[in-house]
Amino acid sequence: MADYAAFYQRSLQDPDAFWREEAARIDWQKSPTRICDASRPPFVRWFPDGTTNLCHNAVDRHLPERADQPALIWVSSETGEEKTYTYAELDREVQRMAAIFFDLGVGLGDRVLIYLPMIPEAAFAMLACARIGAIHCVVFGGFASGSLASRIDDARPTLVVSADAGSRGGKVIPYKPLLDGALAQAQHKPHAVLLVDRGLAPAARVAGRDHDYTSLRERHAQAEVLCAWVPATHPGYVLYTSGTTGKPKGVQRDTGGYAVALAASMAHVFAGKPGDTFFCASDIGWVVGHSYILYGPLLAGMATVMYEGLPIQPDAGVWWRLVERHRVNVMFTSPTAIRILKRHDLAHLKASDLSSLRTLFLAGEPLDEPTAAWVAESLGVPVTDNYWQTETGWPILTLARGVQPDQPAKLGSPGVPLYGYRVGLFDDVTGEPLTEPGRKGVLGIEGPLPPGCLQTLWGNDARFVSTYWQSIPGRQVYSTFDWATRDADGYYTILGRTDDVLNVAGHRLGSREIEEAITGHPGVAEAAVVGVADADKGQVAVAFVVPRAAGPLEDATQGEALTAEILARVAADLGPVARPARVVLVPVLPKTRSGKLLRRAIQAVCEGRDPGDLSTMEDAAALQHIRP
Ligand code: ATP
Ligand code: MG
């Protein structure tokens, strides 16, 4: 059995040799002779003299061997449609889309903003950009006009690709009015708009600007568009972070480093092989969708499942029926999705044959122990948490299942640093590295960052340097802005964001620690804890708690009883100092569209401040329940 620790050490001791070997996983037009150029820190250029193409590696390269193998399996529980594209069919669609892009004036290095629901055209458009060396910028479908306009102004796209509508829980969400609103608000005016008409909502086209995808696709039925070989360092895409902690940052990623990092992760982390079926239930608008719905599985010659819909629509068995029908081998989703499924009857899961499934990966937010245990037990397969960020593009902390399958997991910890990442904990005031087990510190990564991570922030090198590289005093360390501990075996536990650290009468407490104590109560579904300014104590903790049943919300006596039990529980688990000053029972918590808790907005409301831009919120009404 391979030993992960030795593998990891090798990646740090001789990174050039390590990544030279991994670079052989992809095709190069010109193989790199230099591996890592870190001569201008904190910037790093991976494989600087190599030339390659991401679309070639994701699609064309597989044609000789797997032209007839499924590449993209699209399923929509919203419209009831399902369609499988083989690698040959995917190639045809991508070439047609690339020809349309040329027609509409898109050239090398131009940006194409993609504002689409989870339909195959989103994948075609991303791959078409990669094919011609254009830079895609995917914005989560259904974001409000304001958020879309600010991204249009930042990315300055030549072309916007959109659709008449998306659909969520059976409800049609017309996109065109949102897009028209955004284009009216934005200072930058793209040359053209390409519209996919799904027949869901009326979408009038603006003459001279808006083009119909269906008719252009017909015109280019036989189009052949060669892959543009670009330097490994050519920007592949820009993707904005979720905006949980403020103004979204335009993460810019390269081409060659990203391809190598993803191809390596498919083997080492996800233990996947060519011909497997990979089902990542996320959205193309998030980094998980970029890396593990689209590029990762295709780079590895797998079939990828692209799913439009909710995990519980038409019922909570929909994903498991997909696993059975398409013989899914590896699955990836978020803890939020699993928590939603956990509220439904287990019979939905048990009704499907899940024997093809080898592992489930979860990422995006802290994985609480009850959820991890429930899903592992119900599925009967290992569940692996993985911690990363939009900025890194692939996991930072996890267990590398392809290197050492039997490396033990620890509940509550995503695992150990992945190869290539020099991870450490740092004191946020002195910058000192914290080496003893159990110390709490800011999770940092010493430069140079491994391949696949952000090159810079789009059009803003200065913000890249000042945001990420100057917050840990006196060191060239990338800050994740997450707060963590490490145990004696090197396993990390994420305690929350550095913004979410409470300072109560001189004691530093993580919001997540208190939330976990609260959600350990069987009557609690979810909790959010924020620090609220207090004249005497600096800050006090205020807990917003969603009870599992309606009783405590409707009946004052039941509500008081639950509150008292919660307070007692926190005091018993963490000590009296952690006990929230107030517990407020609420029916829902404010979250981003990607399911992340908006503690920043909750805190702002509690302190009587403006909660800021709410257009990335899942349900703005959720904030009404937040009262100081
Ligand atoms: P912004 O940077 O704009 O505020 P964001 O940080 O929410 O947005 P993402 O890059 O989507 O945007 O999220 C990354 C963050 O999600 C991490 O920094 C961490 O706080 C959290 N996270 C991701 N995976 C995990 C995990 N497995 N366990 C705990 N936290 C996680
Ligand atoms: Mg972030």
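As a reminder, the structure under discussion sits directly above these lines.
For clarity, every value in this text was computed on a predicted model and none was experimentally measured.

**Brief notes about the packing of aromatic side chains**
Here is step 1: What the rule picks out here adds up to 36 aromatic pairs.
Here is step 2: Ring plane angle 10° and centroid distance 4.4 Å describe the contact between Phe140 and Trp286, whose orientation is recorded as stacked. Placement of the pair is Phe140 in the loop between β7 (135-138) and α7 (145-155) and Trp286 in the loop between β16 (277-280) and α11 (287-299), with a sequence separation of 146 residues.
Here is step 3: With relative accessibility at 11%, the residue Phe140 sits in the buried group.
Here is step 4: Taken together through their ring pairs, the aromatic side chains of Tyr4, Phe7, Tyr8, Phe18, Trp19, Trp28, Trp46, Phe47, Trp394, Tyr419 and Tyr421 make up a single cluster.
Here is step 5: In this arrangement the basic side chain of Arg40 is found over the ring face of Phe43, its NZ or CZ atom lying 4.6 Å from the centre.
Here is step 6: Of note, Lys410 hangs over the ring of Tyr491, and the distance from its end group to the ring centre comes to 4.7 Å.

**As for the nonpolar core**
Here is step 1: The biggest cluster of nonpolar side chains holds 121 residues, and the ones touching the most others in it are Phe101 and Tyr295.
Here is step 2: Tallying contributions element by element places helix α6 (residues 120-132) first for this core, with ten residues.
Here is step 3: If near-sequence neighbours (up to four positions away) are discounted, Phe101 is found in contact with Val106, Val112, Ala125, Ala128, Cys129, Ile132, Leu159, Val161 and Leu194.
Here is step 4: With 29 residues, the next largest nonpolar core counts Leu322, Leu349, Leu357 and Val383 among its residues.

**Remarks on the sheet that holds strand β18 (residues 330-333)**
Here is step 1: Pairing is mixed across the open sheet formed by seven strands, whose spatial order is β5-β4-β17-β16-β18-β19-β20. Every interior strand has two partners, whereas the edge strands, β5 (82-86) and β20 (383-386), have only one. For this sheet, the mean inter-axis angle between neighbouring strands, taken without regard to orientation, is 20°.
Here is step 2: Where helix α13 (residues 335-342) meets the sheet, its contacts fall on β18 and β19 (359-363), and the angle it forms with β19 comes to roughly 115°.

Reading the values: rules and limits
Residues numbered from 1 in each chain as written. Chains lettered and ligands numbered in written order. Predicted model: local features only at pLDDT ≥ 70, side-chain atom pairs only at ≥ 80, totals over all residues. Heavy atoms only, no water. Phe/Tyr/Trp six-rings, centres within 6.5 Å; stacked < 30°, edge-to-face > 60°. Helix = DSSP H or I, 4+ residues; strand = E, 2+ residues; numbered from the N terminus. Buried < 20%, exposed > 50% of the residue type's maximum accessible area, 1.4 Å probe, protein only. Lys NZ or Arg CZ within 6 Å of the ring centre and 35° of its normal. Core = buried A, V, L, I, M, F, W, Y, C linked by side-chain atoms within 4.5 Å. Contact = heavy atoms within 4.5 Å. Pairing = 2+ DSSP bridges. Axes fitted to C-alpha atoms, helices over the stretch in contact; angles between N-to-C directions.

Nothing here speaks to function; it is all geometry.
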